[in-house]
Amino acid sequence: MNEYRGCNWCQHYRPDGTCLAFHPNPIPLSIVSGKLKHTEPLPKQKNQIVYESAPTHIVYRLDFFREQERQVLEKIEIVEGDITKLDIDAIVNAANESLIAGGGISGAIHRAAGLGLEEECLKLGICHEGSAKITRAYNLPAQWVIHTVGPVWEGGKYNEEQILRNCYSNSLKLAISYGIKTMAFPAISTGMYEFPLDKATDIALNEVKLFLEQDNVIEKVIFVCFERQAYDVYQESLKQAFPLSYIAKPTSLMP
Ligand code: AR6
């Protein structure tokens, strides 16, 4: 059976023959190297990593992506705790369509904010899945609450993943239109709505990353985990979403 040891640059194993360095739009290794087709190694490659000199423009491109990724990563934080305690511009509520207090995080936010929040929410009417609405935060330390309604997980057949993406992108768009610079997200839909946590954290990090790549207004996005287990899952997703920052840069392309 053919052995494959990974790309010269990211040195990461990709069974599909693409280079992780170019995630989320990976390109075939044969194009990255410009020479070898790494998915079908030559006999002399057996049991050794093959190094070859990289065309200058490829190295330049990789450095460019690494720097771009680093700038986005600096704006992301993952913390364990209670979102209602955060003294930042906005916290996001994993709400229900009527925006009234429920269990889980929406109950905690409404309790801490006081009745003013519910009164304002009632005036806003229905908030559909994937959409977001904004209110003042009343007794909370934050200034604003962005309410977004995640999908109920039903096995993934009803566009749940796209709806969850919309929750993140619509919350971020709304934040920008209110001049919000620092905001915190909970793990939307992963409680009562039963969206699988690992899928949800991948979506959350990738959607926020995509957004921050295009936007310079938001300075900090905090992912708040209520439990240690969620924190660990977020950390794993972070590595996947920012491969260039978590994979050691080869010191030399030629041994
Ligand atoms: N701070 C941070 N995260 C929290 C907090 C908190 N104080 N409390 C819970 N979480 P859920 P959903 C986490 O059920 O799945 C409500 O009743 C929790 O551990 O609050 O989107 C609404 O009214 C979980 O990871 O929201 C809706 O009816 C995540 O927040 C429905 O539940 C989301 O859990 C929404 O369900």
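Residues numbered from 1 in each chain as written. Predicted model: local features only at pLDDT ≥ 70, side-chain atom pairs only at ≥ 80, totals over all residues. Heavy atoms only, no water.

Let's talk about the overall build of the chain
Summing up its helical and strand segments, the chain has eight helices and six strands in all. When contacts within the chain are restricted to residue pairs at least 6 apart in sequence, those whose partners lie at least 24 apart make up 67%. Taken as a whole, the chain presents about 13000 Å² of accessible surface, with 52% of it coming from carbon and sulfur. (Helix = DSSP H or I, 4+ residues; strand = E, 2+ residues; numbered from the N terminus. Contact = heavy atoms within 4.5 Å. Areas by Shrake-Rupley, 256 points an atom, 1.4 Å probe, with all protein chains shown as cover.)

Topic: the site of the ligand
Inspection of the region around the ligand gives 20 residues, with Asn96, Gly103, Ile105, Gly191 and Met192 positioned closest. In the environment of the ligand, an oxygen atom lies 2.7 Å from a nitrogen or oxygen atom belonging to the side chain of Asn96. Ser189 places a main-chain nitrogen or oxygen 2.8 Å from an oxygen atom of the ligand. A total of 690 Å² of accessible area belongs to the ligand in isolation, and the protein chains cover 91% of it. Broken down by class, the residue content of the shell around the ligand amounts to nine nonpolar, nine polar and two charged. (Near = heavy atom within 4 Å. Polar contact = N/O pair within 3.5 Å; in protein donor to acceptor, adjacent residues only side chain to side chain. Nonpolar A, V, L, I, M, F, W, Y, C, P; charged D, E, K, R; others polar.)

Focus: the confidence of the model for the chain
Confidence in the prediction for the chain averages 81 pLDDT; 72% of positions are at 70 or higher. Contacts for the low-pLDDT stretch residues 1-6, under 50 throughout, to residues beyond four places or in other chains number 20 contacts. Note that pLDDT drops below 50 for residues 19-58; the model gives that stretch 91 contacts with residues more than four away or on any other chain. (pLDDT = per-residue confidence, 0-100.)

Things to note about helix H5 (residues 160-177)
Helix length check: H5 (18 residues) gives 26 Å between terminal C-alpha atoms against 26 Å at 1.5 Å per residue, within 8%. Those residues of H5 not exposed but buried are Glu160, Ile163, Leu164, Cys167, Tyr168, Ser169, Ser171, Leu172, Leu174 and Ala175. Two residues or fewer after H5 comes Gly179, characterised by a positive phi angle close to 70°. (Expected span 1.5 Å × (residues − 1). Buried < 20%, exposed > 50% of the residue type's maximum accessible area, 1.4 Å probe, protein only.)

Remarks on unusual backbone geometry
One non-glycine residue with positive phi stands out, namely Asn159, at about 65°. Turning to its location among the elements, Asn159 is positioned in the loop between strand S4 (144-148) and H5. The backbone phi angle of Ser189 is positive, close to 75°, even though this residue is not glycine.

So, the sheet that holds strand S3 (residues 132-136)
Strands sit in the order S1-S6-S5-S2-S4-S3 across an open sheet of six strands; the sheet is mixed. Both edges of this open sheet fall to strand S1 (76-80) and S3, since each of them pairs with a single strand only. Mean inter-strand twist for the sheet, computed between neighbouring axes without regard to direction, equals 25°. The sheet contact formed by strand S5 (residues 182-185) and strand S6 (residues 220-225) spans four bridges and is parallel. Of the residues in S6, the one forming a bridge with Thr182 is Lys220. With respect to the sheet, H5 is in contact with strand S2 (90-94), S3, S4, S5 and S6, its orientation differing from that of S5 by roughly 155°. The strands that helix H6 (residues 197-214) touches are S1, S5 and S6; relative to S6, the one it contacts most, it runs at about 170°. (Pairing = 2+ DSSP bridges. Axes fitted to C-alpha atoms, helices over the stretch in contact; angles between N-to-C directions.)

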